[in-house]
Number of protein chains: 2
Amino acid sequence: MNLTKWSIDKYNLTEEEMKLTLGSYVPKTIKANDFFLKEGEICNYIGYVTKGLLRSYFYDDQANEITTSFFPESTLIIALDSFNNRAPSKEFIKAIEDSELSVVSYLRQMELYQLIPAWNQICKDLGDIKIGEMLNRTENFQTLTAAERYQRFCKEYPQLLQRVNLGYIASYIGVDNATLSRIRKKK
Amino acid sequence: MNLTKWSIDKYNLTEEEMKLTLGSYVPKTIKANDFFLKEGEICNYIGYVTKGLLRSYFYDDQANEITTSFFPESTLIIALDSFNNRAPSKEFIKAIEDSELSVVSYLRQMELYQLIPAWNQICKDLGDIKIGEMLNRTENFQTLTAAERYQRFCKEYPQLLQRVNLGYIASYIGVDNATLSRIRKKK
DNA sequence: TAACGATTTTGACTTTTGTCAAAAGATCAT
DNA sequence: ATGATCTTTTGACAAAAGTCAAAATCGTTA
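Residues numbered from 1 in each chain as written. Chains lettered and ligands numbered in written order. Predicted model: local features only at pLDDT ≥ 70, side-chain atom pairs only at ≥ 80, totals over all residues. Heavy atoms only, no water.

Undergrad: What am I meant to see in the overall build of chain A here?
TA: When its secondary structure is counted, chain A shows eight helices and eight strands. What you see for chain A is a C-alpha radius of gyration of 18 Å, in line with the 16 Å of a compact globule of 187 residues. The dimensions of chain A, computed from C-alpha atoms along their principal axes, are 55 × 30 × 30 Å. Out of the 187 residues belonging to chain A, those deemed buried represent 47%. Sequence-distant contacts, at least 24 apart, represent 73% of the contacts inside chain A between residues at least 6 apart. Summing over all exposed atoms, chain A offers an accessible surface of approximately 9900 Å²; the carbon and sulfur share of this is 50%. Each charge sign in chain A was given a centre, from 24 positive and 24 negative side chains, and these centres are 7 Å apart. (Helix = DSSP H or I, 4+ residues; strand = E, 2+ residues; numbered from the N terminus. Rg over C-alpha atoms; globule rule 2.2 N^0.38 Å. Buried < 20%, exposed > 50% of the residue type's maximum accessible area, 1.4 Å probe, protein only. Contact = heavy atoms within 4.5 Å. Areas by Shrake-Rupley, 256 points an atom, 1.4 Å probe, with all protein chains shown as cover. Lys, Arg positive; Asp, Glu negative; His and termini not counted. Charge placed at Lys NZ, Arg CZ, Asp CG, Glu CD.)

Undergrad: Would you take a moment to explain the layout of surface pockets for this structure?
TA: Any empty space left between atoms is shown by rolling a water-sized probe over those atoms. By volume, the second largest pocket amounts to about 1200 Å³. In terms of lining, the second largest pocket is formed by 48 residues, of which the most central are B:Thr68, B:Ser69, B:Lys130, B:Arg137 and B:Tyr172. Every element with two or more residues in the lining of the second largest pocket is listed here: helix H4 (118-143) of chain A together with strand S4 (54-59), strand S5 (65-71), helix H2 (80-85), helix H4 (118-143), helix H5 (146-156), helix H6 (158-161) and helix H7 (166-173) of chain B. (1 Å grid on protein atoms, 1.4 Å probe; cavity = no way out; pocket = protein on both sides within 12 Å on 5 of 7 lines; lining within 4 Å. Points joined across faces, edges and corners; volume = space filled by probe spheres on them.)

Undergrad: Explain the relation of the copies chain A and chain B to me, please; I cannot follow it from the model alone.
TA: Related by rotation about an axis and a shift along that axis, the two copies of the chain form a pair. Least-squares fitting of chain A to chain B yields an RMSD of 0.0 Å, with the transformation described by 0.0 Å of translation along the axis and a rotation of 180°. What the superposition gives is, in effect, a two-fold axis relating one chain to the other. Both copies share a contact surface, since 100% of the interface residues of chain A are interface residues in chain B too. (Least-squares fit on C-alpha atoms with pLDDT ≥ 70 in both.)

Undergrad: Can you help me understand the pattern of salt bridges in this one?
TA: Here the idea is simple: oppositely charged side chains can pair when their charged atoms come close. Evaluation of the coordinates by the stated rule reveals eight salt bridges over all chains. The shortest N-O distance in the salt bridge between B:Arg163 and B:Glu73 comes to 3.2 Å. Taken together, the residues B:Arg163 in the loop between H6 and H7 and B:Glu73 in the loop between S5 and strand S6 (76-77) connect sequence positions 90 residues apart. With relative accessibility at 25%, the residue B:Arg163 sits in the partly exposed group. It is possible to trace a salt-bridge network through shared partners that takes in A:Glu73, A:Glu97 and A:Arg163. (Salt bridge = Lys/Arg side-chain N within 4 Å of Asp/Glu carboxyl O.)

Undergrad: Please explain the protein's contact with DNA strand D as it appears in this structure.
TA: What surrounds DNA strand D is a group of 15 residues, the closest being A:Leu166, A:Arg182, A:Lys185, B:Ala146 and B:Thr179. Between a phosphate oxygen of DNA strand D and a main-chain N or O atom of A:Gly167, the distance comes to 3.1 Å. Side-chain polar atom of A:Ser181 to a phosphate oxygen of DNA strand D: 3.0 Å apart, as the coordinates give it. Taken together, the elements giving at least two residues each to the surface near DNA strand D come down to helix H7 (166-173) and helix H8 (177-186) of chain A together with helix H8 (177-186) of chain B. No other element matches H8(A), which puts four residues into the surface near DNA strand D. (Near = heavy atom within 4 Å. Polar contact = N/O pair within 3.5 Å; in protein donor to acceptor, adjacent residues only side chain to side chain.)

Undergrad: I would appreciate a short explanation of the protein's contact with DNA strand C in the present structure.
TA: With respect to spatial proximity, 16 residues lie near DNA strand C, and among them A:Ala146, A:Thr179, B:Leu166, B:Arg182 and B:Lys185 are the closest. Of what DNA strand C places within 4 Å of the protein, 62% of the atoms are sugar or phosphate. One nitrogen or oxygen atom from the side chain of B:Arg182 is found 2.5 Å from a base nitrogen belonging to DNA strand C. For the surface near DNA strand C, the secondary-structure elements that each account for two or more residues are H8 of chain A together with H7 and H8 of chain B.

Undergrad: When you look at the packing of aromatic side chains in this model, what are you seeing that I'm missing?
TA: The geometry of an aromatic ring pair is captured by the separation of the ring centres together with the interplanar angle, meaning the angle of the planes. All names here are of chain A. Across all of its chains, the model carries 21 aromatic pairs over all chains by this definition. An angle of 50° between the planes, with centres 5.4 Å apart, marks the rings of phenylalanine 70 and tyrosine 172 as tilted. Here the residue phenylalanine 70 occupies a position in strand S5 (residues 65-72), and tyrosine 172 occupies one in helix H7, the gap between them amounting to 102 residues. Across the pair, tyrosine 172 and phenylalanine 70 agree in class, each one buried. Consider the rings of phenylalanine 153 and tyrosine 172, whose centres lie 5.6 Å apart with planes at 65°: the pair is edge-to-face. In this pair, phenylalanine 153 sits in helix H5 (residues 146-156) while tyrosine 172 sits in helix H7, placing the two residues 19 residues apart along the sequence. For the residue pair phenylalanine 153 and tyrosine 172, the accessibility class agrees, reading buried in each case. Taken together, the ring pairs in this structure connect Phe35, Tyr57, Tyr59 and Phe92 into an aromatic cluster. (Phe/Tyr/Trp six-rings, centres within 6.5 Å; stacked < 30°, edge-to-face > 60°.)

Undergrad: Sorry if this is basic, but what is going on with the interface of chain A and chain B here?
TA: Frequently, the measure chosen for interface size is the accessible area that the parts lose on association. Contact with chain A, which involves 27 residues of that partner, is made by 27 residues of chain B. Taken as a group, A:Ile131, A:Met134 and A:Gln142 account for 27% of the area that chain A buries against chain B, more than any other trio of residues on that side. Taken together, chain A and chain B are joined by zero salt bridges. Our enumeration of links across chain A and chain B arrives at 11 residue pairs in polar contact (both at pLDDT 80 or more). Broken down by secondary-structure element, the contributors of at least two residues to the side of chain A that touches chain B are S5, helix H2 (80-85), H4 and H7 of chain A. For the side of chain A that touches chain B, the leading source of residues is H4(A), giving 14 residues. Looking at side-chain class alone, the side of chain A that touches chain B contains 10 nonpolar, nine polar and eight charged residues. (Buried area = accessible area lost by both parts, 1.4 Å probe. Nonpolar A, V, L, I, M, F, W, Y, C, P; charged D, E, K, R; others polar.)

Here it is, written out as structure tokens:
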């Protein structure tokens, strides 16, 4: 979830609330190829990426890695289904580059909801952003060809283009590896 | 958003809160082919379908109708982007069959958040359900062929199969009309 | 019921995308 | 630097999906 234009400032937290919030988030570093979360684990942390890049993926029935999200700087990491439903994750979340996060535990985050009323609104707004992103993603799949989806990806995430394997992008936009290679050659 | 297994009961609203909630939702009937919402309007109501069937759709750049959701009985109707962001809707929501809803206005719903703490949790849970549905939908597009997406649709929404035009289903699963017809013939 | 309009199917064809395997290019650890 | 490994490209082909137009079906209404 990209939060470049989002800011906690607009919620007018009191100094006390802000201190409580910031104190709840602790730094964590993850080296390239290490995991933020493994399949089967319950997602117990929300992470905010301050540096680096991670991705989430699962394995389909033919054991292909299917990338579901990229998490560059200024994004929130969370395995939504797992975190929300306290259920084992179907996804892995793995660092592509050495990364630095701020993380908060599930329990602590629940306490923030109790202690700081504005957090309910923050949560609602973050959910809205996420839903907007997903609606857009679905629309792309419904109406665009593979080549068009790739073009959209390039426009939307130009920074990622240089930083991730093409294979990750291919599965993210739902095309075969070889097909993406040919799409790229054509233009 | 299908709420067949969801119930407001589990939130232990007080008698007072329940009365307030139920009193906020008023009945509304929509005849087949009439609109719950038109493109450009701001979605000012949430609706709960008690009878009938509606669908949401937009027009792509070639002026094709692209169906984005079906709303049979026991589902919540809402144009998420419009309702949440108070922005003009890009979608139409139109009744396929004569339908009966319970609706609540945006303002009233906001009051419920204020007046009844549990509504924050309800909202969060409904959002989670919606997000789960959308993750699933995206996964289908990423990993399944057109034929497989159709099979999934049939399994997931058997009731709809008899009630909606095939063209609506075709655009919902992202295939051409003629292609869907051929997929159906094959098996 | 006849007739109109909308929906669905079908045919003939083209384009897009996938598959499999091999070659070419990068990258990384030693 | 140099294998070893991983990623990307390419070729030859097959399968899937789209396009366009016409026919067949279905529903509705005059």
